[in-house]
Amino acid sequence: MTGPVTLSYEGPIAIMTIDNPPVNALSYAVIDGIKAAFDTFEASECEALVIACAGRTFVAGADINTFDDADFSAAPFNALIGRIEASPRPVAAALFGTVLGGGLELAMACHIRVAHPATRLGLPEVHLGLIPGSLGTQRLPRLAGLAKAFEMISTGTPISAEHAVGAGIVDHIADDPKGAAIHAVADYAHSHQPPRRASELTIPDIDQAPEIIAQAKAAAEAKPFLPTLGAIAAALEAATRSFAEGERVEAAEFEKLRATTTSRALRHIFFAEREAQRVPGLPKDIQARPIKSVGIVGVGTMGGGIAMTFANAGIPVTLVETSQEALDRGIGIIEKNYAGTVSRGRLTEEAAKERRALMTGATGMEALAEADLIIEAVFEDMSLKLDVARKLGEVAKPGAIIATNTSTLDVDKIAEATGRPADALGTHFFSPAHIMKLLEVVRGAQTAPDVLYTVMKLSKTIGKTAVVSGVCYGFIGNRMTEMYLRESEAMILEGATPQQIDKVVESPRWLGLAMGPNRMGDMAGVDVMARIVNEWVESGEGPQAPSYRALVRALFHLGKFGQKTGEGLYLYEGRKPIPNPATEALAKELAAMHNIAPREHSEQEIFERLIYPMVNEAALILMEGIAYRPGDIDVVWTSGYGWPTWRGGPLFMADEIGVGEIVARMDHYAATLGNEHGYWTVAPLLRELAASGQRISDWRPAS
Ligand code: 3H9
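Residues numbered from 1 in each chain as written. Predicted model: local features only at pLDDT ≥ 70, side-chain atom pairs only at ≥ 80, totals over all residues.

- Within an unreviewed UniProt entry, the label attached to the protein reads Enoyl-CoA hydratase, and the organism entered is Acuticoccus sediminis.
- According to UniProt, the comment filed for the protein under the heading Subcellular location (unreviewed entry) is "Peroxisome".
- Check the Catalytic activity (unreviewed entry) section of the UniProt entry for the protein; it says "a (3S)-3-hydroxyacyl-CoA + NAD(+) = a 3-oxoacyl-CoA + NADH + H(+)". (UniProt positions renumbered as here; feature names shortened; annotations may be inferred.)

**Observations regarding the nonpolar core**
Consideration 1: Val50, Ala92, Ile296 and Ile374 are the most contacted members of the largest nonpolar core, which totals 209 residues.
Consideration 2: When residues in this core are grouped by element, the largest group, 10 residues, is from helix H24 (residues 603–623).
Consideration 3: Apart from residues no more than four positions distant in its own chain, Val50 is found in contact with Ile13, Ile15, Ala92, Ala94, Lys178, Ala181, Ile182 and Val185. (Core = buried A, V, L, I, M, F, W, Y, C linked by C-beta atoms within 7 Å. Buried ≥ 20, exposed ≤ 12 C-beta atoms within 10 Å, placed from the backbone. Helix = DSSP H or I, 4+ residues; strand = E, 2+ residues; numbered from the N terminus. Contact = placed C-beta atoms within 7 Å.)

**Focus: the confidence of the model for the protein**
Consideration 1: Looking at the protein as a whole, its pLDDT mean stands at 96, while 100% of the residues score no less than 70.
Consideration 2: Scored as a whole, the predicted complex attains pTM 0.95, and scored at its interfaces, ipTM 0.99. (pLDDT = per-residue confidence, 0-100.)

**A few points about unusual backbone geometry**
Consideration 1: The linkage connecting Pro21 with the following residue, Pro22, adopts the cis geometry, with an omega of 5 degrees.
Consideration 2: Summarising the element assignment, Pro22 is placed in the loop between strand S2 (13–18) and helix H1 (28–43).
Consideration 3: Positioned with a positive phi, His192 is a non-glycine residue whose angle comes to about 60 degrees.
Consideration 4: Looking at the secondary structure, you find His192 in the loop between helix H7 (177–191) and helix H8 (209–222).
Consideration 5: On the basis of neighbour counts, which here come to 6 C-beta atoms within 10 Å, the residue His192 falls in the exposed class.

**Description of the packing of helix H19 (residues 498–506) against helix H20 (residues 517–524)**
Consideration 1: Put simply, H19 and H20 touch, their axes get as near as 7 Å, and they point 110 degrees apart. Taken together, the axes of H19 and H20 lie roughly perpendicular to each other. Between H19, through Pro498, Ile501 and Asp502, and H20, the contact on the second element is made entirely by Pro517, Asn518 and Arg519. (Axes fitted to C-alpha atoms, helices over the stretch in contact; angles between N-to-C directions. Parallel < 35°, antiparallel > 145°, perpendicular 65-115°, else oblique.)

**Some words on the site of the ligand**
Consideration 1: Gly61, Ala62, Ala74, Gly101 and Gly133 are the nearest of the 24 residues found near the ligand.
Consideration 2: Elements supplying a minimum of two residues to the shell around the ligand: strand S5 (98–100) and helix H3 (102–109). (Near = placed C-beta within 6 Å.)

**Observations regarding the sheet that holds strand S16 (residues 438–442)**
Consideration 1: The mixed open sheet is built from 8 strands, whose spatial order is S12-S11-S10-S13-S14-S15-S16-S17. In this open sheet, the two strands that pair with only one neighbour each are strand S12 (359–362) and strand S17 (465–469). Neighbour-to-neighbour, the strand axes of this sheet turn through a mean angle of 25 degrees, independent of strand direction.
Consideration 2: As paired elements, strand S10 (residues 294–297) and strand S11 (residues 317–320) share 4 bridges and run parallel to each other. By the bridge assignment, Gly295 is partnered in S11 with Thr318.
Consideration 3: Across the sheet, helix H17 (residues 449–461) is in contact with strand S14 (401–404), strand S15 (424–429), S16 and S17; its angle to S16 comes to roughly 175 degrees. (Pairing = 2+ DSSP bridges.)

**Considerations on H19**
Consideration 1: For H19, the complete set of buried residues consists of Pro498, Ile501, Asp502, Val504 and Val505. The buried residues of H19 occupy an angular sector of 160 degrees when the element is viewed end-on, so they sit on one face.
Consideration 2: Each element contacted by the buried residues of H19 is listed here: helix H18 (477–493), H20, helix H23 (581–593) and H24. (Arc of directions from axis to C-beta.)

**Thoughts on the sheet that holds strand S3 (residues 48–53)**
Consideration 1: Overall, mixed pairing links the 6 strands, which are arranged S1-S2-S3-S4-S6-S9 in an open sheet. The sheet is open, and its two edges are formed by strand S1 (5–10) and strand S9 (172–173), each paired on a single side.
Consideration 2: Two strands pair when backbone bridges link them, and strand S6 (residues 112–115) and S9 are joined in this way by 2 bridges, in the parallel orientation. Residue pairing in the sheet places Ala115 in a bridge with Ile173 of S9.
Consideration 3: Lying on the sheet, H1 is in contact with S1, S2 and S3; it crosses S1 at an angle near 30 degrees.

**Side note on the packing of helix H21 (residues 526–538) against helix H22 (residues 550–557)**
Consideration 1: Here H21 crosses H22 at 120 degrees, and the two axes come no closer than 9 Å. If you check the angle between H21 and H22, you find them oblique. Between H21 and H22 the crossing geometry is left-handed. On H22, the residues that touch Val526, Asp527, Met529, Ala530, Val533 and Asn534 of H21 are Val552, Arg553, Leu555 and Phe556.
Consideration 2: Taken together, the residues of the contact of H21 with H22 sort by class into 7 nonpolar, 1 polar and 2 charged. (Left-handed = near helix turned anticlockwise from the far one by under 90°. Nonpolar A, V, L, I, M, F, W, Y, C, P; charged D, E, K, R; others polar.)

See below:
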């Protein structure tokens with residue numbers, strides 16, 4: 001037998017081995033292979049069967065790539081695992097790694113499950129906008145109860161092997177799950193007991209079904225824009241009737257969901273996040289530089305968060321500040337952060353101590369002489385950053401990587417100042433750095449390929465979703481954000497209120513962003529935004545229109561820095577933003593000063609003016625080669641800016657709206673608002689795509 005599934009024998013026990021790297025996903029070939037191997041087993045005299053996997057994990061799910069196929073159907077696999085469960089001879093699954101989705105559904109159709117202690121088990125389909133489609137919604141409640149099934153299916157969070165034993169999903173834990181499974185089926189076969197079939201079990205908490213189903217329905221009603229939640233409630237409710245009825249409902253709901261924009265968007269992000277890790281054009285034999293220790297210069301909010309990120313991944317960090325006082329203050333904040341995590345029960349006291357122990361403080365750059373990677377996270381001021389870069393170039397050992405955490409400044413200039421630009425690049429973390437997933441990795445004009453490769457690889461170790469950006473003002477994310485903030489402020493000067501604007505993009509009807517531009521600005525800090533804008537404009541590179549971001553610059557001048565001063569675009573009662581009449585008055589004053597006439601803003605106009613210029617800027621970013629591909633831009637937004645993953649990122653959404661429609665509306669605003677400053681000039685790429693009817697998500701640079 002060749003192909004990804006083979007059958008071997010250990011005495012009277014048949015062993016089916018699935019070998020489909022990297023994660024043993026259920027491709028068509030794997031499903032055919034399982035079927036052929038099971039046919040052979042059935043025709044044999046073997047006493048029992050063990051289903052095992054080669055490589056790093058048991059089956060981690062169905063092959064997500066196949067969900068777009070027009071003729072995709074879960075039915076053949078479901079019938080096959082139904083046959084496995086119906087077998088009169090015992091079948092066991094030997095579990096290890098990540099037993100997810102279709103992998104767990106295959107395991108639940110077996111009669112016995114033996115797991116390695118480090119196994120993680122889950123039904124994560126909800127993260128793909130789906131429900132389990134191979135009877136997971138039916139067998140799990142019968143094994144573990146409706147409440148547990150609802151929890152696992154609606155959160156998609158995997159559980160440990162130990163937890164799975166407690167829940168009734170796994171029968172035994174063993175360091176050698178295959179060996180233990182062979183013993184278990186042999187014992188079972190000799191006991192002559194009928195195999196235990198999940199589909200025939202009574203749901204253990206059936207008496208609580210009405211409350212649990214009501215809870216599932218309430219969750220669905222609270223988020224009507226997520227169709228998965230309604231489908232979960234329907235499938236679990238059907239499970240309380242009969243297995244056959246449950247099977248029918250699950251299949252119908254799965255099929256409906258597979259075609260939804262939500263599911264397509266989530267699948268797009270799943271693959272885009274992984275593709276973003278790949279740097280095109282790297283030599284095949286490239287080797288990463290070892291990163292065993294990290295140095296951080298500047299222990300402010302960013303530096304401290306970055307230090308925690310590395311310590312959390314077990315990498316020792318040396319923290320450098322200019323004075324003992326600044327160092328103590330920075331380390332004090334880190335300790336407070338860890339204490340908060342411990343008090344919320346998310347970290348043990350012992351683990352927090354271990355992480356803290358990985359950090360060493362110093363007041364001189366010489367302490368960084370042995371660091372493999374040094375990240376500069378000082379104040380966003382070019383002359384300061386150049387000075388630090390020069391000093392780092394002097395103290396760092398040969399081969400050390402020198403990174404700047406600038407969010408907008410010219411990485412090439414900073415790299416040049418180190419005197420070894422091939423070893424330098426940008427690592428743009430997002431605040432709070434130990435929590436936010438996104439890391440923009442900024443490749444300089446001279447960054448060596450192995451330096452880029454090392455940092456991309458390291459990003460995975462420290463739990464970040466990394467995206468490569470070229471050098472430009474604001475890189476991918478902040479460059480696009482600038483368009484969005486520009487239009488938000490322009491509309492406020494035209495008489496819209498900050499809350500009216502935020503409400504539109506925060507509403508799932510339009511977008512569902514975690515935070516609109518004004519709440520976000522107040523949180524990030526009006527001072528931070530204004531300093532960046534001022535520096536950009538004063539450098540001569542930024543827009544020169546006097547009205548450009550006039551509001552944020554005026555608020556800065558008045559010392560209204562946002563949440564931290566209790567007033568900015570909003571007023572604050574604690575952390576709660578409330579409308580600020582002073583902002584409206586200031587906006588009126590500025591409008592008069594810049595001859596801006598008041599107008600009414602429909603929700604549609606607010607949405608289009610915030611989002612379409614961003615999409616247009618993204619097209620420029622692609623044309624200039626700043627981002628490698630459209631999916632990278634979507635990942636920046638979903639992992640760094642609170643863009644809902646179920647919307648698939650701004651370019652996925654642009655394709656749903658239609659590039660042609662976006663171009664037409666950009667032209668409309670150019671005609672109605674005027675295009676004196678070029679704000680509504682359509683990027684040539686966008687116009688070309690509109691003319692040829694192509695999707696921007698499918699665009700790739702000519703190689
Ligand atoms: C499902 O099962 C539906 C069912 O109910 C039945 C329906 C009929 N398919 O993440 P990594 C690729 S839905 C295809 O970097 P890690 C991935 O693209 C599915 N490909 O590794 C990447 O490829 P590349 C339910 C997949 O070690 C490579 O494997 N299951 C799949 O950090 C390595 O991935 C899930 O949702 C897949 N299912 O994490 C699990 N999975 O190298 C989704 C991975 O070309 N997967 N690939 O970029 C995961 O959560 C993680 O990949 C996993 C490994 C934890 C398994």
